[in-house]
Amino acid sequence: LEDTYKNNPDWHSATRLYPRLTLHQVPVASFCGSSATLNRDDDPKEDITMKSLALRAMNELKWLGSREVPNSLFGSPISNIMYIWPIQINVTKDPNNPSNFEAAM
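Definitions and limits used
Residues numbered from 1 in each chain as written. Predicted model: local features only at pLDDT ≥ 70, side-chain atom pairs only at ≥ 80, totals over all residues. Heavy atoms only, no water. Helix = DSSP H or I, 4+ residues; strand = E, 2+ residues; numbered from the N terminus. Buried < 20%, exposed > 50% of the residue type's maximum accessible area, 1.4 Å probe, protein only. Phe/Tyr/Trp six-rings, centres within 6.5 Å; stacked < 30°, edge-to-face > 60°. Lys NZ or Arg CZ within 6 Å of the ring centre and 35° of its normal. pLDDT = per-residue confidence, 0-100. Expected span 1.5 Å × (residues − 1). Contact = heavy atoms within 4.5 Å.

## Regarding the environment of K62
Thinking step 1. Here K62 shows up in helix α2 (residues 53-65).
Thinking step 2. For K62, a relative accessible area of 48% puts it in the partly exposed group.
Thinking step 3. Remark: the alpha-carbon pair of K62 and M105, spanning 43 residues in sequence, is separated by 9.5 Å.

So, in structure tokens, the structure goes:
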């Protein structure tokens, strides 16, 4: 799998520094199951599958807004976290990064 990504021309293009993701906004239920009372948002030991989608979305925005997500695509030395990804991505070198970040937020 890693070789597939490393050999993909999108990783080496002069105009596209890495494959782009497209944002799709869609309404979804913000709770687990048929009742919002079923979520376990307040239980720190609970598995993520029992957390509400509202909490999960809020956490994702928090990690994105704190720059944890884009910095952790590169890892050290930018971040002490390295997300599982086949190669390091330094989004700060992408001239479209500021506008892409604002659109995502």
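Read on, since the account is not over.
## Some details on unusual backbone geometry
Thinking step 1. The backbone of R67 sits at a positive phi, close to 75°, despite the residue not being glycine.
Thinking step 2. Looking at the secondary structure, you find R67 in the loop between α2 and α3 (68-72).

## Some words on the packing of aromatic side chains
Thinking step 1. If you walk through the whole model with that rule in mind, you get zero aromatic pairs.
Thinking step 2. The ring of F101 carries R67 above its face, with NZ or CZ at 3.8 Å from the centroid.

## Regarding the confidence of the model for the protein chain
Thinking step 1. This prediction gives the protein chain a mean pLDDT of 75; 69% of its residues lie at or above 70.
Thinking step 2. Within the protein chain, α2 carries the highest mean pLDDT (84), whereas helix α1 (residues 2-6) carries the lowest (61).

## A few points about α2
Thinking step 1. The first and last C-alpha atoms of α2 sit 18 Å apart over 13 residues, in line with the 18 Å expected at 1.5 Å per residue.
Thinking step 2. Restricting attention to buried positions, one finds in α2 the residues L55, N59 and L64.
Thinking step 3. Looking at the buried positions of α2, the neighbouring elements they touch are α3 and α4 (97-104).
Thinking step 4. Positive backbone phi, approximately 75°, marks R67, located one or two places after α2.

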